[in-house]
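# An overview of the molecular structure
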Amino acid sequence: MKINGHTKIAGLIGNPIAHSLSYTLHNAALEALGIDACYLPFPSPDTSSLKNLVSMMRTPGFVGANVTIPHKENIIPMLDSIDRNAQRIGAVNTITKQLDGTLLGKNSDAEGFLLSLENASIQYTNRNVFLIGAGGAARAVAMILAPHVASITIWNRTPAKAQKLLFELRKKDFPNNISLSFCADPSSYPLPPKSILIQCTPLGKEDEMPPHPQLDKSHTVIDLLYQYTPLLQQSHALGAQIQDGSSMLIHQAAISFSWWFSVPPPIEIMYRSLHKQRKIV
Ligand code: NAP
């Protein structure tokens, strides 16, 4: 990649972000398509650095950015507008610079997650879902699955955030009579057979085991982290169907890429770059 005076800038805002594979995916795609742009890390440990980064995004060289933990919700009031999908989810994972220079908040996590299920032929219609977490990613997953599944049960470290998400889901009045509930103690929760458990927190990145209900081979276990976490290892050993977050990562990245650069995203190149990188890590 050759940087010059016209090179456009996109990147990732969040903390921690050093481990992210998004740099690999986006820069491989930019290079393959010959787009004069680069994708860089923008670490943002607190609200004041986040505000500074949002101001910087307003300068001409930037096309936009992805937003990750812990800023997907608190960035919303700092942007000029939020599209309907991100408003419905209550979280922004992509900022796009508009032609008039304003910053629009969007969300590619929900669609990226659904595409990852469909690509792996994971059936979700009418199944019971248990969510670990109630942050931006969990919000996206809950909102996209809610019209299709039988129930969603949520546990979160901060119970009030799970309750808030459940309150917002109840207000949506989905046509499928979905059952929505809060779980205070995952370890004693009787997870119905054939449920889908979706892990939407950073627990597992450092080999932690998140609190979870007892699992068996009838369950599907999805971890949004893109590594073989202890939860996935244990579930695999029990014979459960498992999936990590790498397919979601690629699909949400591809959608954001198409918003910034107005070209069809080179998904195959993104897949190949990710697998090459993971072999090295
Ligand atoms: P977020 O909006 O900041 O939410 C973080 C969530 O994790 C909250 O539920 C938070 O609970 C919980 N959490 C954080 N640290 C915790 C801890 N030590 N113990 C228990 N719970 C903890 O972030 P996010 O965007 O939802 O991301 C969550 C995870 O999903 C991240 O690891 C991210 O990398 C991953 N993710 C992957 C993809 C993908 O494409 N594969 C996409 C999005 C996210 P509290 O409410 O109590 O703080």
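Residues numbered from 1 in each chain as written. Predicted model: local features only at pLDDT ≥ 70, side-chain atom pairs only at ≥ 80, totals over all residues. Heavy atoms only, no water.

## Overview of a positive patch on the surface
Which entries qualify depends on this criterion: Like-charged residues are merged into a patch within 9 Å and nonpolar side chains (Val, Leu, Ile, Met, Phe, Trp, Tyr) within 5 Å, provided each residue has over 30% relative accessible area and no salt bridge. For every accessible area listed, the method is Shrake-Rupley and the probe measures 1.4 Å; residues are considered covered only by the protein chains on display. When a carboxyl oxygen of Asp or Glu lies within 4 Å of a side-chain nitrogen of Lys or Arg, that pair is called a salt bridge. When charges are tallied, Lys and Arg are placed among the positive residues and Asp and Glu among the negative ones, while His and the ends of the chain are skipped. Where a charge sits is defined by one atom per residue type, namely NZ (Lys), CZ (Arg), CG (Asp) or CD (Glu). Counting from the N terminus, the helices are the DSSP runs of H or I reaching at least four residues and the strands are the DSSP runs of E reaching at least two.
A surface patch of positive charge is lined by Arg84, Arg88, Lys171 and Lys172. Structurally, Arg88 is set in helix 3 (residues 84-89).

## Here we look at helix 8 (residues 246-261)
Note the threshold: Multiplying 1.5 Å by the helix residue count minus one yields the expected span of that helix. Only protein chains enter the accessibility calculation, which uses a 1.4 Å probe; a residue whose area is less than 20% of its type maximum is buried, one above 50% is exposed, and one in between is partly exposed.
Here helix 8 contains 16 residues, and its C-alpha end-to-end distance of 22 Å stays within 8% of the 22 Å for a straight helix at 1.5 Å per residue. Among the 16 residues of helix 8, 14 are classified as buried, and the element is accordingly described as predominantly covered.

## What to know about the sheet that holds strand 12 (residues 241-243)
Keep this limit in mind: Note on pairing: DSSP must find at least two bridges between two strands before they are called paired. Axes here mean lines fitted to C-alpha atoms, for a helix over just the part in contact, with angles spanning 0 to 180 degrees between N-to-C directions.
Judged by pairing direction, the sheet is parallel, and its 6 strands sit side by side in the order 9-8-7-10-11-12 without closing on themselves. The sheet terminates laterally at strand 9 (179-182) and strand 12, the two strands that pair on one side only. Direction aside, the axes of adjacent strands within the sheet are offset by 15° on average. Two strands pair when backbone bridges link them, and strand 10 (residues 196-199) and strand 11 (residues 220-223) are joined in this way by 4 bridges, in the parallel orientation.

## Notes on the site of the ligand
Here is the rule: Only heavy atoms are used to decide nearness, and a residue is near a molecule or strand if one of them lies within 4 Å of it. Here a polar contact is recorded for every N or O atom pair within 3.5 Å, except that within protein the pair must consist of a potential hydrogen donor and a potential acceptor, and residues adjacent in sequence are included only if both atoms are side-chain atoms. Any residue outside Ala, Val, Leu, Ile, Met, Phe, Trp, Tyr, Cys, Pro, Asp, Glu, Lys and Arg is labelled polar, Gly included; the first ten of those are nonpolar and the last four are charged.
The local shell around the ligand holds 24 residues, among which Lys72, Gly136, Ala137, Asn156 and Thr158 are the closest. Note that an oxygen atom of the ligand is positioned 2.5 Å from one of the side-chain N or O atoms of Thr158. Bound to the protein, the ligand loses 86% of the 900 Å² it would expose on its own. Its residues placed into classes, the shell around the ligand shows 12 nonpolar, 8 polar and 4 charged.

## Considerations on the pattern of salt bridges
Summed over the entire model, instances satisfying the criterion amount to 7 salt bridges. The partner of Lys161 in a salt bridge is Glu73, with the nearest N and O atoms 4.0 Å apart. Here Glu73 lies in the loop between strand 3 (64-67) and strand 4 (81-82) and Lys161 lies in helix 6 (residues 159-171), a separation of 88 residues in the sequence. With a relative accessible area of 36%, Lys161 lands in the partly exposed category. On the basis of relative accessibility, which here comes to 25%, the residue Glu73 falls in the partly exposed class. Three or more residues joined by partner-sharing salt bridges are found here, namely Glu73, Arg139, Lys161, Lys164 and Glu168.

## Describing helix 6
The condition that has to hold: An arc is given here, and it is the one of the directions from the helix axis to the C-beta atoms. Note on definitions: a residue-residue contact is assigned when non-hydrogen atoms from the two residues lie within 4.5 Å.
Its 13 residues give helix 6 an end-to-end C-alpha distance of 19 Å, which sits within 8% of 18 Å, the value for a rise of 1.5 Å per residue. Restricting attention to buried positions, one finds in helix 6 the residues Ala162, Leu165, Leu166, Glu168 and Leu169. In a view along the axis of helix 6, the buried residues occupy a sector of 160°, so they form one face of it. The exposed set on the far side of helix 6, more than 90 degrees from its buried face, consists of Ala160, Phe167 and Lys171. Summarising the contacts, the buried residues of helix 6 are in contact with helix 5 (136-145), strand 8 (151-155) and strand 9.

## With respect to the packing of helix 1 (residues 22-33) against helix 8
Applied cut-off: Angles are sorted into four bins: roughly parallel if under 35 degrees, roughly antiparallel if over 145, roughly perpendicular if 65 to 115, and oblique for all others. Working rule for handedness: look at the near helix, and if it is turned counterclockwise from the far one by less than a right angle, call the crossing left-handed; if clockwise, right-handed.
Contact geometry for helix 1 and helix 8: axes closest at 10 Å, N-to-C directions at 45°. Viewed along their axes, helix 1 and helix 8 adopt a mutual orientation that is oblique. Judged by the sense of rotation from one axis to the other, the crossing of helix 1 with helix 8 is right-handed. For the pair formed by helix 1 and helix 8, the contact residues are Ser22, Leu25, His26, Ala29, Leu30 and Leu33 on the first element and Leu249, Ile250, Ala253, Phe257, Trp260 and Phe261 on the second. When grouped by side-chain class, the residues that make up the contact of helix 1 with helix 8 number 10 nonpolar, 2 polar and no charged.

## Quick word on the domain arrangement of the protein chain
We count it as follows: The start and end points of each domain follow an automatic or database-based domain assignment. Note on terms: buried area is the combined drop in 1.4 Å-probe accessible area of two parts once they are placed together, counting the loss on both.
Split into domains, the protein chain comes out as domain 1 (8-107 + 247-280) and domain 2 (110-244). Between the C-alpha centres of domain 1 and domain 2 the distance comes to 24 Å. Of the residues lining the interface, 19 residues belong to domain 1; the matching set on domain 2 comes to 22 residues. Of the roughly 1800 Å² buried between domain 1 and domain 2, counting both surfaces, carbon and sulfur atoms make up 58%. At the boundary of domain 1 and domain 2, one finds 2 salt bridges. Notably, a salt bridge pairs Arg139 with Glu73, separated by 3.5 Å at the nearest N-O pair. The interface formed by domain 1 and domain 2 contains 5 residue pairs in polar contact (both at pLDDT 80 or more). At the level of elements, helix 3, helix 8 and helix 9 (267-280) are the ones that each hand at least two residues to the side of domain 1 that touches domain 2.

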